[in-house]
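Residue-level listing of the chains:
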Amino acid sequence: MNQKKKFCFIIETPLSKRDEERFGLNIISTKFQIIIIDLSIIRLKRRRLLYCNKDLDDLRNKYKYYEVRKSYQLLSIMNDQIEYFVDYSSGEYFTSIIALLIIKYRNKKVIFTTHGISPIHSTSLSKQLKKRLLFKSISNIRYLIDRIYKYPFKFINTLNVNILGVSCLKVLKDNLIKRNIINSSTKIVFNHSFDYDLYLKHRNEIKISDEYILFLCQDYTNHPDLKIQGRKQIDKKRYYNDLKKFFSELENLFNKKILISVHPRSNLKHNKLYWGKFNFSYEKSLILSAKASIVLTHHSTAVSFPIIYKKPIIFFTSNLINNNFVEPVRIKEMASSLNKKVINLDDYNTDSILSSSLVNNYDYDQYISNYVKHPNSKDINSWELMIQDLN
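As the structure is a prediction and not an experimental result, all values here were calculated from the model.

Quick notes on the rules
Residues numbered from 1 in each chain as written. Predicted model: local features only at pLDDT ≥ 70, side-chain atom pairs only at ≥ 80, totals over all residues. Heavy atoms only, no water. Pairing = 2+ DSSP bridges. Helix = DSSP H or I, 4+ residues; strand = E, 2+ residues; numbered from the N terminus. Axes fitted to C-alpha atoms, helices over the stretch in contact; angles between N-to-C directions. Core = buried A, V, L, I, M, F, W, Y, C linked by side-chain atoms within 4.5 Å. Buried < 20%, exposed > 50% of the residue type's maximum accessible area, 1.4 Å probe, protein only. Salt bridge = Lys/Arg side-chain N within 4 Å of Asp/Glu carboxyl O. pLDDT = per-residue confidence, 0-100.

Colleague: Hey, could you run me through the sheet that holds strand 6 (residues 163-166) in this one?
Modeller: By way of backbone hydrogen bonds, the strands of a sheet pair with one another, either parallel or antiparallel. Strand order in this open sheet of seven strands is 3-2-1-4-5-6-7, and the pairing throughout is parallel. Looking at which strands have only one partner, the edges of the open sheet turn out to be strand 3 (64-67) and strand 7 (187-190). With strand direction ignored, the average angle separating the axes of adjacent strands in the sheet is 20°. Relative to strand 4 (residues 82-87), strand 1 (residues 5-11) runs parallel, the two being bridged by five bridges.

Structure representation (structure tokens):
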């Protein structure tokens, strides 16, 4: 029996069951031996502590899992026996740059896929956010040091890609793929987002209904990324009071209960403490969206699920949120992608709510093509499309 060729993923966050599904590891492992190289111990200890999960021990046993403690270990781990590499590292830290240079030196085959984007990744918005964050960095020394540390690596953190997954139209329209990673031999595969893969997996078992009003919560006040990036948390008490008042009014207006789709990494005790009488769920946003009558959000990327199911979406902000450097710009950009206006919790009326809770099928279809699923992709899991011709 021929031994399976090796297929390697390079990551900067400990692997989770969610990642296993998104990375298509169960699919790829039918043809290849999976190698995981985890770089989080060396440089990103803070992130590792926040993102370590209960599934990690099982995943270590399931796959060949390397937790790199010294950069020189990569020389032996990333050996000539590995056939394909998928680099999910940032390419902005010393260890990830070493990994990238080894791939280049050994002339290994590289696979890259966008797996979907959202309006908050657009080129124009990125420029706006960089200006805002540069201004903010004057008062955030940690952010400034991090930018200075990463800057020299930007000149060498690109690879020539052998197989490129293009998941939506906006990837190429907005030049979100660096042109120097593509060459004449690069194979283009049209695929779709992680979210659409999840939809394909469950579409035949999900019953569509309109049982409640769903809020896609992004954990604005307690998300692990806030601590990792040194970003200031907004006032928890005021934020939750604003939302709970708004939610109560919506329940009376539409005669539906509110359900909170909490972020998968959010803290259970935190949610119990701050959501009070409102029910919340850790169930997949895909399944919850299918059963919603209306969906509320700031700028969650999970908005693709209610768009797929053609559910009304209300984007909202508040004066408190608008004091943030980044979030109001992201909310406005996300709403604009569906030609919707943003509701301000400190200045709205019933008419503005009712007009926002409508579906424009054309705008929804455009969003799917631009951000979720390339029109030329087949309704097959993205990773099946990516590896179908590999051997």
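Don't stop here, the text continues.
Colleague: In this structure, what is going on with the pairing of strand 5 (residues 109-113)? I would like to understand it.
Modeller: Walk down a regular strand and you will see the side chains alternate between the two sheet faces. Across three bridges, strand 4 lies against strand 5 in parallel orientation. Residue pairing for strand 5: F85 is matched across the bridge by V110. Taken together, the three bridges between strand 5 and strand 6 define a ladder with parallel strand orientation. Paired with I111 across the two strands is I163, which belongs to strand 6.

Colleague: I tried to follow the sheet that holds strand 11 (residues 292-297) on my own but got confused; where do I start?
Modeller: Strand order in the open sheet made by the six strands is 10-9-8-11-12-13, with parallel pairing throughout. Looking at which strands have only one partner, the edges of the open sheet turn out to be strand 10 (279-281) and strand 13 (342-344). Taken over all neighbouring pairs, the strand axes of this sheet differ in orientation by 30° on average, direction set aside. Relative to strand 11, strand 8 (residues 212-216) is paired through five bridges, and the arrangement is parallel.

Colleague: Looking at this structure, I do not really get the nonpolar core. What am I missing?
Modeller: Generally speaking, soluble globular proteins have nonpolar side chains that are buried together. The biggest cluster of nonpolar side chains holds 53 residues, and the ones touching the most others in it are I10, I37 and M78. Of all the elements, helix 19 (residues 361-372) adds the most residues to this core, at five residues.

Colleague: Help me understand the pattern of salt bridges, please; the structure alone is not making it clear to me.
Modeller: Oppositely charged side chains can pair when the atoms bearing their charge come close. Counted under the stated rule, the structure contains 11 salt bridges. A salt bridge links E20 to K17, with the nearest nitrogen and oxygen atoms 3.9 Å apart. Taken together, the residues E20 and K17, both in helix 1 (residues 17-22) and three residues apart, mark about one turn of the helix. Residue class for K17 comes out partly exposed when judged on its relative accessible area of 37%. D57 is the partner of R60 in a salt bridge, and the nearest nitrogen-oxygen pair spans 2.5 Å.

Colleague: Mind showing me how you'd approach the confidence of the model for the protein chain here?
Modeller: In low-pLDDT segments, the atomic positions of the prediction should not be examined closely. Per-residue pLDDT for the protein chain has a mean of 84; in total, 81% of the residues score no lower than 70. Confidence, read as mean pLDDT per element, is least for helix 7 (residues 123-136) in the protein chain (53) and greatest for strand 11 (97).

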